[in-house]
Structures are given as structure tokens and as C-alpha cells.
Amino acid sequence: MNERKAVLMTVIMIIGCLAIAGAAIADDDERGEHRRGGLFGRRLDVAPVTNAIYTKECGSCHFAYQPGLLPARSWTKMMNTLDKHFGDNAELDAETQKEITAYLVANSAETSSHKASVKILNSIKGDDAPLAISKTAYFTRKHREVPERMVKGNAQVKSFAACGTCHTAADKGSYDEHEVKIPGFGKFED
Ligand code: HEC
Ligand code: HEC
């Protein structure tokens, strides 16, 4: 290799390194609000659940989803159709239903500046009122690299609706990918 070629190679390598570093910084920026611990403190993906009646009634069959994971119109629709809830009857007495609806609406995605709330809301078209968090565009985008054998084909998970089986700090409102541990598979490497 002559000297000119060597210089050229070096320049190309430097540009390559800068591009990689740039991508890493951009990626970090995308998660800006997400930095854990240290100087930046802790910024959760979604505000944690704070209502004991909600946890008791809506956390008995599955994970107690944070209200910030869906817009108010989704919660209202869901709470008005509890007799036909994903193939189950999840009906409540009128008073409990009213209290839980009020709690969900008061803490819905629109009311929050937490990252997952904002992103889920932005990913829902027009006035759609999805009932499944796991069917929203943001959710499917974030999970598209997670193969079916780790979810449906995994007896310890079964469904994407089981947030807490993979996200070890989901109950605290944290969905950081570094805290994911898929039962039977361990940490997720993409
Ligand atoms: C009798 C059992 C039962 C009760 C009680 C129940 N659910 Fe469900 N829920 C289900 C089933 C079954 C599914 C579907 C889970 C799946 O797709 O794997 C579901 C799914 C959901 C989902 C969608 C999850 C996703 O993103 O795919 C939400 C949100 C939800 N329930 C909210 C509630 C709320 C709010 C309450 C309390 C009012 C409640 N559930 C009470 C059985 C129940
Ligand atoms: C089968 C295991 C599994 C289940 C169940 C699951 N997730 Fe995830 N989730 C993952 C993995 C793995 C990632 C990271 C994917 C990647 O990096 O490509 C992720 C990423 C995310 C992210 C993005 C985090 C970030 O740092 O950008 C959010 C938010 C999230 N999940 C929310 C949920 C919610 C809410 C539920 C339940 C409705 C759920 N997940 C259910 C495995 C799971």
C-alpha cells in the first residue's frame, strides 16, 4: 500500500467511526428521557399504578396495565363492555366500575408526558380506540424483533399481553429493554 492509499484508508476509517458514534448518540437521544440512575435520575416509561381497587379487580387475570398505556376513549369503551372482555366476562358492580373508569380516565395516556404514553398515543390513528395495548402501532414496532417462539410458543409467556413476565420492572412502570428477561430465553439480544 502506498502512502496516499494509506492516508485515504485512514480517512475512510475515521469517517466510519464517526458515523457509528453518531448513530449511537442518536439512538441514545431517542431514549433521552430514559436514562436510568446516575446524574440524570430515573425517568419511567409510564406512571406506575396507584389505585388499589384497580390492581385488585383488573390485575387478577393478568398484569395490571398502567392507565397511561391507552387513551381515555379506549378505557371508557373497555369499561363499558366488560361483559365481553377478550372472550371473558369481567363485569363489576356499578360503583366499582365507576371508580375504576374514573381512575383510568384521569391517568390515561393523554394526561402523561412519560415516554411510552406519548409514543403509544401518537401511534394511534385519528380517534381509533384500541382495546389491546399490544395491538397499537408503537407496541408492534417495538416488539417486531421478538420471535413468536419466545411468546406464543413459550408456555411461560403465551401472550404479549403478559408484560410482567418479560419486563422485570413492568410493575414499577419501567419497560427498559435492558431489564427484559424472557422466561426460558433470558436477556434479549437484538
Ligand atoms: C376474568 C379475567 C379478566 C379480568 C377480571 C380482567 N381482564 Fe383484562 N383481559 C382478560 C383476557 C383473557 C385478556 C386477553 C389477554 C391476551 O390477549 O393474552 C385481557 C386483556 C386486557 C387488555 C389488553 C392487553 C393487551 O395489550 O393485549 C387490557 C388493556 C385489559 N385486559 C384491561 C383490563 C381492565 C381495565 C380490567 C378491569 C376492569 C380487566 N382487564 C379485567 C381477562 C380479564
Ligand atoms: C415476550 C416478552 C415480552 C412481552 C410479553 C412484552 N415485551 Fe415489551 N419488550 C420485549 C423486548 C425483548 C423488548 C426490546 C425489543 C428490542 O430491543 O428489539 C421490549 C420493548 C418494549 C418497550 C420499548 C422499551 C424501550 O426501551 O424502548 C416497551 C415500551 C414495551 N416493551 C412495553 C411492553 C408492554 C406494555 C407489554 C405488555 C402489554 C410488553 N412490553 C410485553 C419483550 C416483551
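This one's a predicted model, so the numbers in the text were calculated from it and none came from an experiment.

About the thresholds
- Residues numbered from 1 in each chain as written.
- Chains lettered and ligands numbered in written order.
- Predicted model: local features only at pLDDT ≥ 70, side-chain atom pairs only at ≥ 80, totals over all residues.
- Heavy atoms only, no water.
- Near = heavy atom within 4 Å.
- Polar contact = N/O pair within 3.5 Å; in protein donor to acceptor, adjacent residues only side chain to side chain.
- Helix = DSSP H or I, 4+ residues; strand = E, 2+ residues; numbered from the N terminus.
- Donors = N, O, S within 2.8 Å, 3.2 Å for Na, K, Ca; no water.
- Tetrahedral: all angles 85-135°; square planar, octahedral: opposite > 155°, others 65-115°.
- Buried < 20%, exposed > 50% of the residue type's maximum accessible area, 1.4 Å probe, protein only.

1. Focus: the site of ligand 2
The environment of ligand 2 is made up of 24 residues, and the closest members are H143, C163, C166, H167 and D190. Within the side chain of K142, one N or O atom sits 3.1 Å away from an oxygen atom of ligand 2. A distance of 2.8 Å separates a nitrogen atom of ligand 2 from a polar atom in the side chain of H143. Listed by contribution, the elements that provide at least two residues to the shell around ligand 2 are α6 (137–143) and α7 (163–166).

2. A short note on the coordination of the iron atom of ligand 1
Surrounding the iron atom of ligand 1 are the protein donor atoms H62 (NE2) and H85 (NE2), which sit 2.0 Å from the metal. Each of the six donor atoms bound to the iron atom of ligand 1 contributes to angles spanning 86 to 180°, and the resulting shape is octahedral. Placement of H62 in the loop between α2 (52–58) and α3 (72–79) and of H85 in the loop between α3 and α4 (94–106) is noted, with a sequence separation of 23 residues between them. A residue is classified by how much of its surface remains accessible, and H62, at 31% relative accessible area, is partly exposed. Take H85: its relative accessible area is 13%, and that puts it in the buried class.

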